[in-house]
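If you want the building blocks of each chain, they are given just below.
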Amino acid sequence: MEHLEFEFNGGSHSNTVRPYTVQGVVSSGNLEVLIEHKDLNGKCRFSIDTAAEGFGKTWEAVISNFMEKRQPADLLVSINDYAASPDIVSLRLDQAYEAISGGVK
Amino acid sequence: MTNSRKASRLDKLDAARRITLNSKVVQQENIEELLSRIITSGNKVCIEGDNQKQADFLSRALLGLDPDKINNLHILISTIGLPEQLDIFETGLASRLDLAYAGPQGFRLARMLKDKQLEVGNIHTYNELYARYFMDLRPDVCLLCGVEADRHGNIYMNGSVEDSSAIVEATAFQQGIVVVQVNHLVEKVRRVDIPADWVDFVVETPRHNFHLEPLFTRDPAQITESMILMGMMTMKGIYAKYLPRTLNHGVGFNTAAIELMLPTYGEELGLKGKALTNWVLNPHPTMIPAIEEGWVESIIPPGNELGMEKYVESKPDIFPVGADGSLHSSRLFAQLAGHYSADIFVGASLQIDALGNSSTVTGERITGFGGAPNFGCDAGGRRHTSDAWLKAGREFNSCGLPRGRKLVVQIVETFQQGLKETFVENLDAMRLAAEGTFPLPPVMIYGEDVSHIVTEEGIANLLMCRTADEREQAIRGVAGYTGVGMKRNKAKVAELHQRGIIQRPEDIGISKLRATRDMLSARNIKDLVRWSDGLYEPPSRFRNW
């Protein structure tokens, strides 16, 4: 197991339609993402527990892209991962963000 | 000028008839003796290893021949499906091989090739190999596989005709000898698929059941959300845009997902009746819900699919069914249909490079080509038009002579199991060519033939790319977090996105929250049985109830 933490300066979107959401399940090649709305002075924090060690750079790339694309603010994101591929991580983040922000058209 | 092929045929028949007592029917115990009288050293022997059916009894009998007396055979076979078909190269009976596909025997073939236990002439596509049977690879003997024979030699093959029509014509009319193994000798065959005049010998097999692989059965239970997302993108971003009526789906879970979403997402998109009506396809069980919901006008199958027989027989308007009520198939005609008259091919691959070339050769395995290169290419000889073909052509050729264009779509997940990257800078196929194993890298579909690549990240429309660099960046721009994807030129990819050459799910209004298994009209094999009203009888390995 490896624990990773990332913090990013948030963007302009801090509106949420619900306090939290969970997407996905922890199973082989999959992961669960919990997103909570939290006052972090506009920042977003990611706390990751993963079964696949040594992929810090890839996590950073996936999360940076997510931040760049969605521009969210004040989110606490907790992830339990069982060696999901980066595209599945990205899918779950997008799904969770859609659910908490009220959806992308 | 002597007629030596004819003379050799007559000599062999003379010798053979002494053991069959002038009958076409060979007793099981005499089969090796018969083969040893009709096969001579250096002969070209065409064995019916097809994509699905395998002449298992005759393949084993061939292995029993004495390599001291008969050797250097040149084996012609479209699909190596059984170990016996490679064993004959180890015993020394055969030395040269021309083939199209070696799926299950691919690892062993690669090893034997490396150890120089055999010589491979070429790896072909199906129709290419059949074509050569009429040119420079004329069979001296063919060993076929059927369901029933009568004592005159009429053969019934059910839905599993597959390659037989091509092989038998090439052999019977070029002074070769035709031997057919059948499950049953009968008084009267159910239907004549091969007329007695073309057949020299028949033999009933002890197992009464030739080897048949259920290659096209995909359990919906294994379809993941990313496959569903990619399927939705393909349906909305490509099917709904071009509205192709004629199509071929490759075998795999990505296209199975689309088949299962026709009655759900396809219905919502309003595609029913406007697109996807005429198919080249084996009888995929995952097509049952769409057929039941009235999506399909016709399906021409290259072969059969185990368990689908009764269901197919209940749909004579859709499947090619004979007056006797059972399916007929032809790989030759199905391949021609897929090549010349399908507006779109949708398939998958194991490796794609940054130029869009794809290959199923990975590591130490040689699978061969089968039919995908004929399906997955723009047919240069096509002259008939259709709306989808013209629309794709306009997109591709914005100036110059107006042309049509086939849509060739590759749907791939950026990563496969074990975090193996689908996108690579160099195909493993390139290495095989560099090592001298093949004169050309065994590329399945050339990049220039591909019109769209669909991944979880988006759709790359390669028809709209105007330079080689744009093409490469469009591919990198959907290659996700693979090495190829990470090396994208971000500014260029943003520009391609702006121009609609790259589309993300949100660009075409697809919510990722909807990409769940609820989209599937059947979620497991049992659901398919229910959809079929109990007519689909899945092989036991797919039953878990």
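Novice: Explanation requested: the overall build of chain A in the structure shown.
Specialist: Helix and strand counts for chain A stand at two helices and five strands. Its helices and strands taken in sequence order, chain A reads β-β-β-β-α-β-α from the N to the C terminus. Relative to its length of 105 residues, chain A is compact, with a C-alpha radius of gyration of 13 Å against a globular reference of 13 Å. Seen through its C-alpha atoms, chain A measures out along the principal axes to roughly 35 × 20 × 20 Å. By residue count, 40% of the 105 residues in chain A fall in the buried class. Put simply, of all contacts in chain A between residues at least 6 apart along the chain, 86% involve residues at least 24 apart.

Novice: How should I be thinking about the domain arrangement of chain B in this particular structure?
Specialist: How big an interface is tends to be stated in terms of the accessible area lost upon association of its parts. Residues and elements named next belong to chain B. Domain boundaries assigned for chain B yield domain 1 (12-212), domain 2 (214-342 + 515-545) and domain 3 (349-504). Listed by partner, the interface residues are 20 residues for domain 2 and 21 residues for domain 3. Ranked by residue count, the leading element in the side of domain 2 that touches domain 3 is helix 8 (residues 225-242), at eight residues. Of the residues contributing to the side of domain 2 that touches domain 3, the split by class is ten nonpolar, nine polar and one charged.

Novice: How should the sheet that holds strand 3 (residues 30-37) of chain A be read in this particular structure?
Specialist: Strands belonging to one sheet form pairs held by backbone hydrogen bonds; the direction of such a pair is parallel or antiparallel. All names here are of chain A. The five strands lie next to each other as 1-4-5-3-2, forming an open sheet whose pairing is mixed. Sheet topology places strand 1 (2-8) and strand 2 (20-23) at the edges, where each strand pairs with a single neighbour. Each strand axis lies, on average, 10° off the axis of its neighbour in the sheet, ignoring direction. Running at roughly 30° to strand 1, helix 1 (residues 56-70) makes contact with strand 1 and strand 4 (44-50) of the sheet. The sheet strands contacting helix 2 (residues 86-101) are strand 2 and strand 3, and the helix crosses strand 3 at an angle near 30°.

Novice: Just checking my understanding: could you explain the interface of chain A and chain B for this structure?
Specialist: If you look at the interface, chain A gives 15 residues, while chain B gives 17 residues. Elements represented by at least two residues in the side of chain A that touches chain B include exactly helix 1 and helix 2 of chain A. The element best represented in the side of chain A that touches chain B is helix 2 of chain A, accounting for eight residues. Here the side of chain A that touches chain B is composed, by residue class, of seven nonpolar, four polar and four charged.

Novice: I tried to follow unusual backbone geometry on my own but got confused; where do I start?
Specialist: Glycine aside, residues mostly have negative phi, and peptide bonds are mostly found in the trans state. Of note, A:Asn41 is a non-glycine position whose phi angle comes to about 55°, a positive value. Looking at the element boundaries, A:Asn41 is found in the loop between strand 3 and strand 4. For A:Asn41, a count of 8 C-beta atoms within 10 Å puts it in the exposed group. In the Ramachandran plot, B:Asn22 falls in the positive-phi region, its phi being about 65° despite a non-glycine side chain.

Novice: Teacher, can you tell me more about helix 6 (residues 126-133) of chain B here?
Specialist: Residues spaced three or four apart along an α-helix face the same direction, because each turn holds 3.6 residues. Residue and element names in this part refer to chain B. Taken residue by residue, helix 6 has Tyr-126, Asn-127, Leu-129, Tyr-130 and Tyr-133 as its buried positions. Each buried residue of helix 6 lies within a common arc of 160° when the element is viewed along its axis, so the set occupies one face. Where helix 6 is buried, its residues contact strand 2 (44-47), strand 4 (73-79), strand 5 (94-101), helix 7 (164-172), helix 12 (331-340) and helix 13 (372-375).

Novice: Honestly, the confidence of the model for chain B in this entry has me stumped. Any pointers?
Specialist: Low-pLDDT portions of the prediction should not be read for the details of their coordinates. Of the residues in chain B, 100% have a pLDDT of 70 or more, and the chain-wide mean is 95. This complex was scored by the predictor with a pTM of 0.95 and an ipTM of 0.90.

Novice: So what exactly am I meant to see when it comes to helix 3 (residues 56-63) of chain B here?
Specialist: Here helix 3 of chain B lies mainly inside the structure; six of its eight residues are buried. Along helix 3 of chain B, the positions that sit buried rather than exposed are B:Asp56, B:Phe57, B:Leu58, B:Ser59, B:Ala61 and B:Leu62.

Novice: Can you help me understand the pairing of strand 7 (residues 141-149) of chain B in this one?
Specialist: For a regular strand, the rule is simple: side chains alternate between the two faces of the sheet. Residue and element names in this part refer to chain B. In terms of burial, strand 7 is largely enclosed, as nine of its nine residues are buried. Bridge analysis of strand 7 against strand 9 (residues 177-185) gives eight bridges, and the strand direction is parallel. Considered in strand 9, the bridge of Glu-148 is made with His-184. Across two bridges, strand 7 lies against strand 8 (residues 155-156) in antiparallel orientation. Bridged to Ala-149 within strand 8 is Ile-155.

Novice: Is there a simple way to think about the pairing of strand 12 (residues 246-249) of chain B in this case?
Specialist: Residue and element names in this part refer to chain B. Along strand 12, one buried face is formed by Thr-246 and Asn-248 and the opposite face, lined by Leu-247 and His-249, is buried too. As judged from the three bridges shared by strand 12 and strand 13 (residues 278-280), these two strands associate in the parallel manner. The partner of Thr-246 across the bridge, within strand 13, is Asn-278. For the crossover that starts at strand 12, traverses helix 9 (residues 253-268) and ends in the parallel strand 13, the hand is right-handed.

What counts, and where the lines are drawn
Residues numbered from 1 in each chain as written. Chains lettered and ligands numbered in written order. Predicted model: local features only at pLDDT ≥ 70, side-chain atom pairs only at ≥ 80, totals over all residues. Helix = DSSP H or I, 4+ residues; strand = E, 2+ residues; numbered from the N terminus. Rg over C-alpha atoms; globule rule 2.2 N^0.38 Å. Buried ≥ 20, exposed ≤ 12 C-beta atoms within 10 Å, placed from the backbone. Contact = placed C-beta atoms within 7 Å. Domains from an automatic or database assignment. Nonpolar A, V, L, I, M, F, W, Y, C, P; charged D, E, K, R; others polar. Pairing = 2+ DSSP bridges. Axes fitted to C-alpha atoms, helices over the stretch in contact; angles between N-to-C directions. Arc of directions from axis to C-beta. pLDDT = per-residue confidence, 0-100. Right-handed = clockwise from strand over helix to strand, strands pointing away.

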